[in-house]
Amino acid sequence: MEEILSGFNKRMEFFAIVDSISKRRNTSDKIESLFTENEMENLIMSVLVYIMETTLTEEEECTIENISQFIKIILPTYKIEKNKINVKELTRYIIKDILQNKGQSREFQVINYDKGQPEKIDVRLISDKLNEENKVIYELTKQGYDFLFRTKEVDDELGFKIEEIKLKMLIHKKDYKKAVSISRELIMKIRNKKISISQFSYSLRNNINNISGEKYDEMVNSMYQLLEEEYKDMKDIEVLINESISRIKEEEAINPNLDDKTKKAKNDIWTISKNIRTVLDMQIDILTECKKVKKLYMETLKESMEYSLVKTYNFKEEILDKLEKANFSNILEIYQKLLKPLFLPRVNKNLNINLIYDSQTKLENEEQEKYDIKQELLEESTKLEERIKRRNKAHIEVMSTLFEFASTHKEGFLFNDYFCHIRNNQDISNMLEENLIFLQMLKLYAIGKIDIEEWEKENIDNEIEANGEFDLSYCLRMIKKESSNFYGIKRITIKRNDEKLNFEQSILKENEQNEQKIEMTNFKIEVE
Amino acid sequence: MEQALKIYKRLLEKGQITDTEDKELYSAFKDLEVRNNLELIAKELDFKIVSAPHAAYLVPNMDNNFLGYSIKDIREGIKKDARLIDAFLECYIIMTILYMFYGGKNKNPKQADFLQIKDIVSKLDETLVKTSKEDAEKIEERYSINFIQMATYWRAKPLTEENKLKTRMGTVLTACKLLRNEKLIVITDDDTEIRATKKLDDLMEYYYLSEDRIYEINDIFLGGEANAKD
């Protein structure tokens with residue numbers, strides 16, 4: 001029983017990968033709703049195939065723009081309205097949110113019968129890295145490649161050996177035409193191995209914590225062993241193809257005018273020979289790289305263990321939660337001290353030669369400057385608070401006077417009636433500042449209707465101040481305190497009117513009196 | 001001592017030495033005598049050396065006003081007309097970014113390879129918008145008045161506007177640019193996502209998150225309170 005479940009975790013890895021696509025996280029309703037059932041799964045798999053092909057068959061780098069271009073080409077196959085889709089946004093969604101899980105690892109629990117316990121495996125089908133221009137390029141991970149390969153082609157390890165055997169047989173049978181395509185396949189496969197080892201080396205250098213001992217063993221030791229065997233087989237094949245070359249040369253020496261069929265065979269043999277050489281060179285490169293990675297792994301592991309922290313503190317509790325209780329008066333010191341250990345040394349500013357002769361003054365200046373900055377910032381902060389208060393007050397005044405006016409004009413009225421009324425009866429300078437009353441009317445028009453009954457149902461009773469921007473709910477809460485029945489008004493509707501109004505007002509700005517002209521619609525206000 | 005001084009000079013210039021870019025210096029750094037001399041310099045000049053695989057970094061001590069980041073630098077870093085509320089917000093944004101990268105509870109604290117700016121904005125919204133939804137008593141219990149003001153200030157920032165710097169995304173991007181200038185992150189994909197550099201990974205994983213620093217961190221907040229009372 002247990003024997004048949006040996007390596008079961010490997011089978012489940014396949015399941016975990018499918019799960020990561022079919023039960024994808026971070027989904028966007030906006031994008032998913034554009035596709036019919038299973039279309040998105042097809043699209044994701046197509047993108048994976050594209051990434052595989054781009055990285056394996058071409059020397060070019062697979063960027064988000066390339067992927068986007070690919071999606072643009074295949075999208076007409078899907079029953080989707082073209083004008084509804086933003087291809088760039090769709091590409092980023094598939095790559096970043098789904099396949100990269102927003103940069104976070106995606107784990108899946110599997111039962112490892114060999115170890116007799118559950119374990120978590122990482123699912124990561126694509127990886128990325130920055131090229132020299134700091135542009136992000138994408139590749140399939142080994143896991144991604146193995147998965148994709150199994151969906152159509154055959155097992156990777158077995159695959160290489162089978163292809164080698166096929167190539168050998170075809171050369172024996174002198175079927176050079178087919179042998180050419182097999183030799184190309186071999187280049188693709190070996191290139192994938194090269195990519196895998198370079199990805200491994202990259203993540204090893206950057207964060208060894210991402211690499212388990214098993215992963216290392218699988219990647220370096222097993223790959224090394226396998227490559228050695230494959231290399232020996234390839235060397236045998238090279239001998240075979242060299243024999244074919246010699247035979248052709250002999251034939252050519254006897255009869256310089258080769259027939260078309262032999263000429264074609266000659267070309268094919270040269271191509272095969274060149275491809276075999278490429279594979280052999282790459283195999284040597286990877287074997288050397290494996291040795292380097294082995295050394296790098298040991299060094300990094302040793303250093304990481306030597307330097308790594310025994311225990312870490314809870315970042316949220318110790319920093320974020322405490323920041324939530326900080327005040328303006330101490331925020332600069334906190335900011336400075338929290339970031340000082342991470343930021344670059346400020347050597348250039350501090351090693352200014354003039355400062356050597358002026359050290360006392362500098363200290364005083366710095367202290368004074370620190371004080372000045374804090375003072376100045378505090379003053380500005382107070383100004384901001386005052387502005388928020390003033391604006392909140394004005395917004396309430398506009399709403400309150402509008403309700404009051406409406407209570408005596410239930411037949412409806414125009415904005416100009418209301419405006420003239422309040423201008424003649426009270427000081428409206430606060431409402432006019434920053435053109436607040438006019439902007440507020442435009443916002444009310446955008447809202448369309450103030451329905452007290454509906455608002456009462458949705459209103460959550462709280463005491464939170466508005467932030468200086470017009471907040472209808474906040475204003476209604478404040479009016480309710482003055483008049484619990486909202487001056488007997490149930491509903492106010494603001495409608496458009498063709499009539500335009502022109503207002504002129506003088507504003508005092510930087511000690512200068514300026515005239516300002518405002519043109520706006522004379523809104524029609526209906527009252528119930 | 002000569003080698004130690006050379007390493008010190010390079011650390012002053014770049015903040016770090018690595019086995020790939022400073023091969024000779026890094027190999028000298030591995031020598032015990034050179035290392036001891038360097039530790040001496042560090043002790044006298046009030047900084048520490050943080051070692052990580054394949055790299056070493058200069059980290060000024062908390063009270064080091066000679067090499068460290070100053071209050072004046074904060075002001076210059078934010079914007080010309082910066083106010084305390086901007087400084088508070090920027091500090092909170094940066095710490096949220098660090099938390100999103102390194103808030104993992106496993107042995108490996110790094111939990112994200114990259115962060116999208118839109119996701120950082122959503123994370124900030126989670127807390128800063130919450131302050132307007134909870135009931136007043138709970139809010140006052142949990143947050144300082146200034147934090148609530150800062151949250152209000154954040155909420156007032158539009159989601160989209162012609163001047164992108166004024167939006168929430170723009171504000172986060174400004175903080176990211178500061179981190180980029182300090183060689184802690186790279187900003188990629190048309191300013192839509194960020195990635196931590198090896199320097200940030202190393203400093204966080206081999207120093208910043210150490211439980212040994214907990215008293216130092218407590219002091220930062222307590223020190224601030226004491227100053228506030230003065």
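Residues numbered from 1 in each chain as written. Chains lettered and ligands numbered in written order. Predicted model: local features only at pLDDT ≥ 70, side-chain atom pairs only at ≥ 80, totals over all residues. Heavy atoms only, no water.

Q: Honestly, the pairing of strand β10 (residues 524–527) of chain A in this entry has me stumped. Any pointers?
A: Side-chain direction in a regular strand flips from residue to residue, so the side chains alternate between the two faces of the sheet. Residues and elements named next belong to chain A. By the alternation rule, side chains of β10 split into I525 and V527, which are all buried, and K524 and E526, of which none is buried. Taken together, the 2 bridges between strand β5 (residues 413–414) and β10 define a ladder with antiparallel strand orientation. Residue pairing in the sheet places F413 in a bridge with I525 of β10. In terms of strand pairing, strand β7 (residues 491–495) meets β10 through 4 bridges, oriented antiparallel. Bridging across to β10, K495 finds its partner in K524. (Buried < 20%, exposed > 50% of the residue type's maximum accessible area, 1.4 Å probe, protein only. Helix = DSSP H or I, 4+ residues; strand = E, 2+ residues; numbered from the N terminus. Pairing = 2+ DSSP bridges.)

Q: For this particular structure, what's the right way to read unusual backbone geometry?
A: Glycine aside, negative phi is the norm for most residues, and most peptide bonds take the trans geometry. Residue and element names in this part refer to chain A. One non-glycine residue, N38, lies in the positive phi region at around 65 degrees. Structurally, the position occupied by N38 is in the loop between α2 (29–32) and α3 (39–57). Using a relative accessible area of 45% as the deciding quantity, one classes N38 as partly exposed. The phi angle at N134 is positive, at roughly 60 degrees, despite the residue not being glycine. Mapped onto the fold, N134 is located in the loop between β3 (126–130) and β4 (136–140).

Q: Please clarify how the interface of chain B and chain A should be interpreted in this entry.
A: Where the parts come together, the accessible area they lose is often given as the size of the interface. Taken together, the contacts link 111 residues of chain B with 84 residues of chain A. Interface area, chain B with chain A, both sides summed: about 9200 Å², of which 60% is carbon and sulfur. Where chain B touches chain A, the interface holds 15 salt bridges. K102 of chain A serves as the salt-bridge partner of D119 of chain B, at 2.7 Å between the closest nitrogen and oxygen. Summed over the shared surface of chain B and chain A, the result is 33 residue pairs in polar contact (both at pLDDT 80 or more). It is helix α5 (residues 84–102) of chain B that contributes the most residues to the side of chain B that touches chain A, 12 residues altogether. (Contact = heavy atoms within 4.5 Å. Buried area = accessible area lost by both parts, 1.4 Å probe. Salt bridge = Lys/Arg side-chain N within 4 Å of Asp/Glu carboxyl O. Polar contact = N/O pair within 3.5 Å; in protein donor to acceptor, adjacent residues only side chain to side chain.)

Q: Help me understand helix α5 (residues 87–99) of chain A, please; the structure alone is not making it clear to me.
A: Given 3.6 residues per helical turn, the α-helix brings residues three or four places apart onto the same face. Residue and element names in this part refer to chain A. At Y93, α5 shows its maximal kink, close to 30 degrees. Most of α5 is tucked away: 11 of the 13 residues are buried. V87, L90, T91, R92, Y93, I94, I95, K96, D97, I98 and L99 are the residues of α5 that are buried. (Bend = angle between axes of the 7 residues up to and from the residue.)

Q: Whenever I open this one, a nonpolar patch on the surface confuses me. Can you help?
A: All names here are of chain B. Together, M1, L5 and L40 line one region of the surface with nonpolar side chains, adding up to about 290 Å² of accessible area. The topology assignment puts L40 in helix α3 (residues 32–44). Classification of L40 as partly exposed rests on a relative accessible area of 46%. (Patch = residues over 30% accessible without salt bridge, like charges linked within 9 Å, V, L, I, M, F, W, Y side chains within 5 Å. Areas by Shrake-Rupley, 256 points an atom, 1.4 Å probe, with all protein chains shown as cover.)

Q: Can you help me understand the sheet that holds strand β4 (residues 114–116) of chain B in this one?
A: Each strand in a sheet pairs with its neighbour through backbone hydrogen bonds, running either in the same direction (parallel) or in the opposite one (antiparallel). All names here are of chain B. Strands sit in the order β4-β6-β5 across an open sheet of 3 strands; the sheet is antiparallel. Only two strands of the sheet have a single neighbouring strand rather than two, namely β4 and β5 (185–188). Neighbour to neighbour, the strand axes of the sheet diverge by 25 degrees on average, direction disregarded. Of the pairings in the sheet, the one linking β5 to strand β6 (residues 193–196) comprises 4 bridges and is antiparallel in character. Paired with T188 across the bridge in β6 is E193. (Axes fitted to C-alpha atoms, helices over the stretch in contact; angles between N-to-C directions.)

Q: Is there a simple way to explain the nonpolar core in this structure?
A: Nonpolar side chains in soluble globular proteins generally cluster together in the buried interior. F315, L323 and L342 of chain A together with M95 and I194 of chain B are the most contacted members of the largest nonpolar core, which has 79 residues in total. Here the element with the most residues in this core is α5 of chain B; it accounts for 16 residues. Listed in part, the 44 residues of the second largest apolar core include F35, I51, I121 and F147 of chain A. (Core = buried A, V, L, I, M, F, W, Y, C linked by side-chain atoms within 4.5 Å.)

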